[in-house]
Amino acid sequence: MHAQHVIDDLRALASRTSTADGAQRLAWGPVWREARRWFRGKVEELGLTVRTDSAGNNFVTLPGASPRTVIVGSHLDSVPNGGWLDGCLGVMAALEALRMYAGGERPPVTITLVDWADEEGARFGRSLLGSSAAAGSLKIDEVRALADRQGTMLVDALAENGVALDRMLDAHRELKQIDARAYLELHIEQGPVLESMQKPTGVVLGTFGVERHLLRFTGQAAHSGSTPIPMRRDAFLAAAQAALEFRDIATRHSRPGAGVVCTVGVVNVEPKIVTAVPGVCEISLDQRALDPGVLAAMLRDAQAAADRAAKANNVGVEWKLIWRIEPRPFDPMLLRLCEEAVREETGEAPRLPSGPLHDAAEMVPHMPVVMMFAYSSNGLSHCKEEDTPLPHLETTIRAYLRLVQKTIAHVAQG
């Protein structure tokens, strides 16, 4: 197991596809295509080939003695000005897993590397695009009208890369032709938990479920100088009161090892004049939890809090669902193997949920899945400052390769 090979590949990729502002591998664009061309060359060095499915996902297969397959991988695309590890760490570690077996005896089971297309959704706003198509969960009509900031339609960007939007769901049939017995993904944490624990590597319990809504508080715009405070119908104050309660709701439902989060990330007021009481205020609410019962209770509590805030400020409130995904807990057997691998390298195996979504979440309904996290310096990701101390990175890569070996042995036993 050569962790240094992985780090060298990561640095080589960064040197080709980054500027002084960070990684620029925006999905479906020229830098992303260059990253894939470079990666194709690395695969060909092993005597293997890249197959692209109907959704633009790339697969590399090392046949084994059995068609039972262990899938390893992540994604090469990045956000604009992104980091050197997000996504590509998992792909490069998966490449090293292929190297472990490609030059020796035939592995007991088949090993397939995947580079999912457009995990980030940074250009067109639809995350997990390639993996959701492979999972069969993508709603084609919901993405048909998507365009980027320059006005380029998603359908045209896909076509430029040889992908037909209306055939993307064929990737689901193609995935089902693989006798997949496990999916293993390595990723940086993108948060501060492992750093706060002073641990290099973590075992991921699953990905949070998400409830994402837009709330519209409606009162009455009025002159800020002539309208007494008790007589105002201030939509912003109602929204602000609700937002503070949303934070308290998350704190109340949080448990050790099963933390939950909520975020109000969008605030829009009308008429947005310094001398006017806001008559309308829209806010977003993003709630996440690993336990579906907790997530449902948080939503109920938030609805009650919004009603109280509206009543207290004499305004109305309406809710609009933006997006919802259920929690995706990972496979118990793979979690046990992951814990063993991490403990053998570090002595301990901290467990934590994933707040961000990953391609792994789309695979949960179709095969056993587990993820491993690497420490994120200062909890930062999606920025050029993203990093992991090299000793921690090396340790995590070795632990992941141990997990691959353990999983292959487990799958080989049937």
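Whatever comes next refers back to the structure up there.
Source: prediction; values computed, not measured.

What counts as what
- Residues numbered from 1 in each chain as written.
- Predicted model: local features only at pLDDT ≥ 70, side-chain atom pairs only at ≥ 80, totals over all residues.
- Heavy atoms only, no water.
- Helix = DSSP H or I, 4+ residues; strand = E, 2+ residues; numbered from the N terminus.
- Rg over C-alpha atoms; globule rule 2.2 N^0.38 Å.
- Buried < 20%, exposed > 50% of the residue type's maximum accessible area, 1.4 Å probe, protein only.
- Contact = heavy atoms within 4.5 Å.
- Lys, Arg positive; Asp, Glu negative; His and termini not counted.
- Charge placed at Lys NZ, Arg CZ, Asp CG, Glu CD.
- Polar contact = N/O pair within 3.5 Å; in protein donor to acceptor, adjacent residues only side chain to side chain.
- Axes fitted to C-alpha atoms, helices over the stretch in contact; angles between N-to-C directions.
- Parallel < 35°, antiparallel > 145°, perpendicular 65-115°, else oblique.
- Left-handed = near helix turned anticlockwise from the far one by under 90°.
- Nonpolar A, V, L, I, M, F, W, Y, C, P; charged D, E, K, R; others polar.
- Core = buried A, V, L, I, M, F, W, Y, C linked by side-chain atoms within 4.5 Å.

Asks: Is there a simple way to think about the overall build of the chain in this case?
Replies: Secondary structure summary: the chain contains 13 helices and 18 strands in total. Taken against the 2.2 N^0.38 rule, which gives 22 Å for 414 residues, the C-alpha radius of gyration of the chain at 23 Å falls within 12% of a compact globule. When the backbone C-alpha atoms are referred to their principal axes, the chain occupies close to 85 × 45 × 40 Å. For the chain, the proportion of its 414 residues judged to be buried stands at 54%. Taking all contacts inside the chain whose residues are at least 6 apart in sequence as the whole, residues at least 24 apart take part in 79%. Within the chain, one finds 44 positive and 51 negative side-chain charges whose respective centroids are separated by 3 Å.

Asks: Just to check I follow, could you spell out the side chain of Thr-388 for this structure?
Replies: When you line up the elements, Thr-388 lands in the loop between strand E18 (369–374) and helix H13 (390–412). Overall, the relative accessible area of 1% leaves Thr-388 in the buried class. From its side chain, Thr-388 meets the backbone oxygen of Tyr-375 in a polar contact 2.5 Å long. When sequence neighbours within four positions are dropped, the list of residues in contact with Thr-388 reads Leu-85, Ile-188, Tyr-375, Ser-376, Ser-377 and Leu-393.

Asks: Just checking my understanding: could you explain the packing of helix H3 (residues 88–102) against H13 for this structure?
Replies: Axis angle and axis distance: for two packed helices, these are the angle between their axes and the distance between the axes, and together they describe the pair. Where H3 meets H13, the closest approach of the two axes is 10 Å, and the angle between their N-to-C directions is 55 degrees. The pairing of H3 with H13 is recorded here as oblique in orientation. The way H3 lies across H13 gives a crossing that is right-handed. Packed against H3, whose contacting residues are Leu-89, Ala-93, Ala-94, Glu-96, Ala-97, Met-100 and Tyr-101, the element H13 presents Leu-393, Ile-397, Tyr-400, Leu-401, Val-404, Gln-405 and Ile-408 at the interface. The residue makeup of the contact of H3 with H13, split by class, is twelve nonpolar, one polar and one charged.

Asks: It is not clear to me how unusual backbone geometry should be interpreted in this structure. Could you clarify?
Replies: Excluding glycine, most residues fall at negative phi; most peptide bonds, likewise, are trans. For the peptide bond that leads from Glu-270 to Pro-271, omega is 5 degrees, which places it in the cis range. When you line up the elements, Pro-271 lands in the loop between strand E12 (267–270) and strand E13 (276–277). With a phi angle near 75 degrees, Trp-28 is a residue other than glycine that sits in the positive phi range. Positive phi outside glycine occurs at Asn-378, with the angle close to 60 degrees. When you line up the elements, Asn-378 lands in the loop between E18 and H13. For Asn-378, a relative accessible area of 57% translates into the label exposed.

Asks: Would you take a moment to explain the nonpolar core for this structure?
Replies: Nonpolar side chains in soluble globular proteins tend to be buried together. Membership of the largest hydrophobic core comes to 94 residues, with the highest contact counts inside it found for Trp-28, Leu-89, Met-168, Leu-184 and Tyr-400. Here the element with the most residues in this core is H3; it accounts for ten residues. Membership of the second largest hydrophobic core comes to 23 residues, among which are Ala-250, Ala-302, Ala-306 and Ala-309.

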